[in-house]
Amino acid sequence: MTIVRAAVLFTCIAGITSGGTTALSAELMQGRCRMDYCAWFSIESRDIVGSNANGALFKVVSKEWTSHHPNGSYDKRSPRTGGAVSTGFYFCSKTKPSAIWQSDGGQWKVAVLNLASPSGAEENAVIEYFAVCHGVQSGHDMSDSFDALAERFGYGPVQNADLQDITRPEDILKD
C-alpha cells in the first residue's frame, strides 16, 4: 500500500468516526416513523471494502424491525417484529454519498443520497448512512436535523442522480 493511499484510507476512517454520539455495532436505532409504523435497525457489522480519493466503501450487515403504533402514537413503546438480516453497502463520500443494495432481480443499485433533506423514501437510508459513516443516530427525535448534520460533517449540496445499475458494489470506487 502506498503512503498516499494509506493516508487517504486513514483520513476516510478518521472522518467517519469524528463528532457526535457514537453509534455502536448492534445498537438498536430508530428509523423513519410513518403511517402508524416505525422502522428500526441495528448495524451488526461494518467492514471497509476499499477507498479512493472521493471516499470509503463499507459493507454493512444490519438487522431490521418494525413496530406498530396505532393512531400515530410513536411516543409509546411497542413490540418490534422482524429482525431480518440484510447486507448492503454505503459509500461514505463528501461528493457522492451513496447507498448500494441488491435488487430482487440480483442487480446492484446505487442511489446518491440527499443528506440535507431526504425524500421520505430515502430517509431510512440517510439515517443508516449517518450511523455507518459518522457513528451518529439521526432522524427521529434527534437534536440535529438532517441539514444540520450534513453541514456539521462538511457536506455541500449533492446532486441527486437517478438510480444506477452497477455490476458489483466496488464499481463505485472507479469514479
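Here, every reference points to the structure presented above.
Residues numbered from 1 in each chain as written. Predicted model: local features only at pLDDT ≥ 70, side-chain atom pairs only at ≥ 80, totals over all residues. Heavy atoms only, no water.

Peer 1: Hey, could you run me through the overall build of the chain in this one?
Peer 2: Scanning the chain for helices and strands turns up three helices and seven strands. Start at the N end of the chain and walk to the C end: the helices and strands fall as α-β-β-β-β-β-β-α-α-β. Expressed as a percentage of its 175 residues, the buried residues of the chain come to 41%. By sequence separation, contacts in the chain at least 24 residues apart represent 58% of the contacts at least 6 residues apart. Total accessible area on the chain is roughly 9,500 Å²; 52% of this is exposed by carbon and sulfur atoms. (Helix = DSSP H or I, 4+ residues; strand = E, 2+ residues; numbered from the N terminus. Buried < 20%, exposed > 50% of the residue type's maximum accessible area, 1.4 Å probe, protein only. Contact = heavy atoms within 4.5 Å. Areas by Shrake-Rupley, 256 points an atom, 1.4 Å probe, with all protein chains shown as cover.)

Peer 1: Teacher, can you tell me more about the packing of aromatic side chains here?
Peer 2: Enumeration over the complete set of coordinates arrives at five aromatic pairs. Between Tyr-129 and Phe-130, the ring centres sit 6.1 Å apart and the planes meet at 80°, which makes this aromatic pair edge-to-face. Of the two residues, Tyr-129 and Phe-130, both sit in the buried class. Judged by centre distance (6.1 Å) and plane angle (65°), the ring pair of Tyr-129 and Tyr-155 falls under edge-to-face. Of this pair, Tyr-129 sits in helix α2 (residues 123–134) while Tyr-155 sits in the loop between α3 (146–152) and β7 (164–166), and the two are 26 residues apart along the sequence. Under the relative-accessibility criterion, Tyr-129 is labelled buried at 0%. Its relative accessible area of 10% is what places Tyr-155 among the buried residues. By the ring-pair criterion, three or more aromatic residues cluster together here, those being Tyr-90, Tyr-129, Phe-130, Phe-153 and Tyr-155. Over the ring of Trp-40 we find Arg-80, and its NZ or CZ is 5.2 Å from the ring centre. Sitting above the plane of the Tyr-155 ring, Lys-94 keeps its charged end 4.4 Å from the centroid. (Phe/Tyr/Trp six-rings, centres within 6.5 Å; stacked < 30°, edge-to-face > 60°. Lys NZ or Arg CZ within 6 Å of the ring centre and 35° of its normal.)

Peer 1: Looking at this model, I keep getting lost on the nonpolar core. Mind explaining?
Peer 2: One recurring pattern in soluble globular proteins is that nonpolar side chains are buried together. Grouped together as the largest cluster of nonpolar side chains are 25 residues, with contacts concentrated most on Tyr-90, Leu-113, Leu-115, Tyr-129, Phe-130 and Val-132. Counting residues per element, the ones that place at least two in this core are β2 (37–52), β3 (55–68), β4 (80–93), α2 and α3. Considering every element that reaches this core, the biggest residue donor is α2, with eight residues. Of all hydrophobic cores here, the second largest spans nine residues; its members include Phe-89, Phe-91, Ile-100 and Ile-172. (Core = buried A, V, L, I, M, F, W, Y, C linked by side-chain atoms within 4.5 Å.)

Peer 1: Looking at this structure, how should I read the pairing of β4?
Peer 2: Working note: regular strand, side chains alternate between the two faces of the sheet. With 13 bridges connecting them, β3 and β4 associate as antiparallel partners. Directly across from Ser-67, in β4, lies its bridge partner Arg-80. With three bridges joining them, β4 and strand β5 (residues 98–102) adopt antiparallel strand pairing. Looking across to β5, one finds that Tyr-90 is bridged to Ala-99. Turn length for the β4-β5 hairpin, with the two strands adjacent in sequence and antiparallel, is four residues. (Pairing = 2+ DSSP bridges.)

Peer 1: It is not clear to me how the pairing of strand β6 (residues 108–112) should be interpreted in this structure. Could you clarify?
Peer 2: Counting buried residues along β6, four of its five residues qualify, which places the element largely inside the surrounding structure. Where β5 and β6 come together, five bridges link them in antiparallel fashion. Counted as the bridge partner of Ile-100 is Val-110 from β6. Taking the residues between adjacent antiparallel strands as the criterion, β5 and β6 are bridged by five residues, where Gly-106 takes a positive phi near 95°. With three bridges joining them, β6 and β7 adopt antiparallel strand pairing. Paired with Trp-108 across the strands is Ile-166, a residue of β7.

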